[in-house]
Amino acid sequence: MKLSNILLVIFLLSINIIKGSTTELNSNNLKIDDIEQDGDFGFDLPLTIESRYSVEFDRNFENGMMTLKPSQPSNYKRNPLSKNIDVDMQGNFYQINVNVLIGQQKFVLQVDTGSTLTAIPLKGCNSCKDNRPIYDPALSPTSQLIPCSSDKCLGSGSASPSCKLHQNAKSTCDFIILYGDGSKIKGKVFSDEITVSGVSSTIYFGANVEEVGAFEYPRADGIMGLGRTSNNKNLVPTIFDSMVRSNSSIKNVFGIYLDYHGQGYLSLGKINHHYYIGSIQYTPVQPAGPFYAIKPTSFRVDNTSFPANSMGQVIVDSGTSDLILTSKVYDHLIQYFRKHYCHIDMVCNYPTIFSSRVCFEKEEDFASFPWLHFGFEGGVRIAIPPKNYMIKTESNQQGVYGYCWGIDRGEDMTILGDVFMRGYYTIFDNVENRVGFAIGKNSKNSNVGDITDINQFDSTYYRNDGNNNFNYLSFSFISIILIINLILL
């Protein structure tokens, strides 16, 4: 009997050791469904982070202040897709660009998960001048102008085709998109071939006949909309959706990785494990609408929590540089900074970094700023370091940089822009309807910047998850059995 008890204890302890080892392995490595399988088909496109505007600073070495010269615009606006609001952008200096080949013609496009229609300039457009790249249908044997009567003549995300109101046999499919800064584009819908890494697919896109205001050029030739159209039959499918429909081997999954050096990658059709470390944490996407809208559960700065229900609709949008908070949450955040970080220059004293004109000169000037902790449905916890929301901004003066406040005051929605995505590998999974976040790593297979696993994802999430609780209970139960058996022995 004593021998059997000893064997029982050894058996139970061995099970617990194996279980603990397996849990530790899973928490530090990829989940099975997160690993890039050998059978997956996809490709990667290099990204560059381009300046939206020419920036010039006046330098004040006495207090480490960098001031934007008066010639710079004080605010930039962006109207997110069909949402009828204007969002003031205090420091929207950058955008993400990618090179693509449409109809065997090269274009640089802004990557935008907050819109759906890809738009490039059509030959003869009102702003097509100098050496600007344009789309010439005559140069592509696969180019087709979509008629209004076609079932492919659908909405742009801002409006339905106007030709539907006065359709006739000769009308062609048209589109219009309005932007919050007063600019707009309108034109015709085409289909043509896009070639990526040697793979060609038929896509649908807008060719601009008229551009009013500053659309994209010269910082880019057009825009690549990567919003959600697979769940909406009333919208022109994004070019990636079109690629997925043309190639059954391509999954409707893509990822964006942004580093801290003005570069990154767009992976289409697969999850590339070379761009991240640890596991991917997923949160569900809200079912309706063209946005990648996710549900917030918490927002915390230091030990102070802000009401998650005040964050409004939350979307992940690569077409927005900054982190935009609702007016209520933003005002509370500024109050918190002024209460707890007033000892740092330009937080309380005028001029402040919260204006659109003043930036820090060096990174160490704001090194003690807090991390921002976000929680989302599904137990996802993400921490944003100050190096993300204090955007390193290069000026047109060689070697001169400023670190500018990258959080802005919106109205009734929260936009998680590039400030939020920087340093992460962000997964947009249209198969499982979810968005995933993983800690990014640079091309040298090391952590991005100075971010580590423990600091990047909220460590309290891992300390309190179900597996750890199970291990603790298992160990306690086995310990009790061990003590009882030792007494009996």
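In the block above lies the structure referred to throughout.
Now for a description of the structure that goes with this document. Just so it is clear, the model here is predicted, and its values are computed rather than measured. Once a new chain begins, its residue numbering starts again from 1 and follows that chain's sequence as written. Only residues with pLDDT of at least 70 get local features here, since the model is predicted, and only at 80 or more are side-chain atom pairs given and counted; chain-wide, interface and lining totals rely on the full set of residues. Excluded from the side-chain calculation are hydrogens and water; included are all heavy atoms of the structure.

## Some details on the pairing of strand β12 (residues 199-212)
And step 1. Two strands pair under a simple rule: DSSP has to find at least two bridges between them. Comment: elements are numbered from the N terminus, with helices defined as DSSP H or I runs of at least four residues and strands as E runs of at least two. With three bridges connecting them, strand β8 (residues 119-121) and β12 associate as parallel partners. In the sheet register, Ile-120 faces β12, and the bridge partner there is Ala-207.
And step 2. Pairing of strand β11 (residues 184-196) with β12 involves 13 bridges; the strand directions are antiparallel. Note on β12: the bridge partner recorded for Ile-185 is Glu-211.

## Let's talk about the pattern of salt bridges
And step 1. Whenever Lys or Arg places a side-chain nitrogen within 4 Å of a carboxyl oxygen from Asp or Glu, that contact is recorded as a salt bridge. For the coordinates displayed, the defined rule picks out seven salt bridges.
And step 2. Between Asp-44 and Lys-270 there is a salt bridge whose closest N-O contact spans 3.6 Å. In this pair, Asp-44 is assigned in strand β1 (residues 43-51) and Lys-270 in the loop between β15 (263-268) and β16 (276-284), connecting sequence segments 226 residues apart.
And step 3. Under the relative-accessibility criterion, Lys-270 is labelled buried at 12%.
And step 4. Its salt-bridge partner being Asp-136, residue Lys-123 comes within 3.6 Å of it at the nearest N-O pair. Buried, partly exposed and exposed residues are distinguished by accessible area as a fraction of the type maximum, computed with a 1.4 Å probe on protein chains only: under 20%, between the cut-offs, and over 50%, respectively.

## Concerning the sheet that holds strand β27 (residues 407-409)
Sheet strands line up and pair through hydrogen bonds in the backbone, either parallel or antiparallel.
And step 1. The five strands are arranged β17-β20-β28-β21-β27 in an open sheet whose pairing can be described as mixed. On the outer flanks of this sheet lie β17 (293-294) and β27, each paired with one strand and no other.
And step 2. Note that strand β21 (residues 323-325) and β27 share three bridges and pair parallel. In the sheet register, Leu-323 faces β27, and the bridge partner there is Ile-407.

## Quick look at the sheet that holds strand β18 (residues 296-301)
And step 1. Strand order in the open sheet formed by four strands is β19-β18-β23-β24, with antiparallel pairing between adjacent strands. Across the chains shown, the open sheet's two edge strands, defined by having one partner strand only, are β19 (304-306) and β24 (380-384). If you compare each strand with its neighbour and ignore which way they point, the axes differ by 25° on average.
And step 2. In the packing of helix α3 (residues 327-340) onto the sheet, contacts are made with β18 and β19, and the angle to β19 comes to roughly 165°. Interaxial angles span 0 to 180 degrees and are taken between N-to-C directions of axes, which are lines fitted to C-alpha atoms, for helices over the stretch in contact. Contacts between residues were defined by any pair of non-hydrogen atoms, one from each residue, lying within 4.5 Å.

## Some points on unusual backbone geometry
The bulk of non-glycine residues show a negative phi, and the bulk of peptide bonds are trans.
And step 1. Note the cis peptide between Tyr-350 and Pro-351, where omega equals -5°.
And step 2. In this structure, Pro-351 sits in the loop between α3 and β22 (358-360).
And step 3. Even without being a glycine, Gln-104 presents a positive backbone phi close to 65°.
And step 4. We note that Asp-302 has phi near 55°; this positive angle belongs to a residue other than glycine.
And step 5. Within the secondary structure, Asp-302 sits in the loop between β18 and β19.

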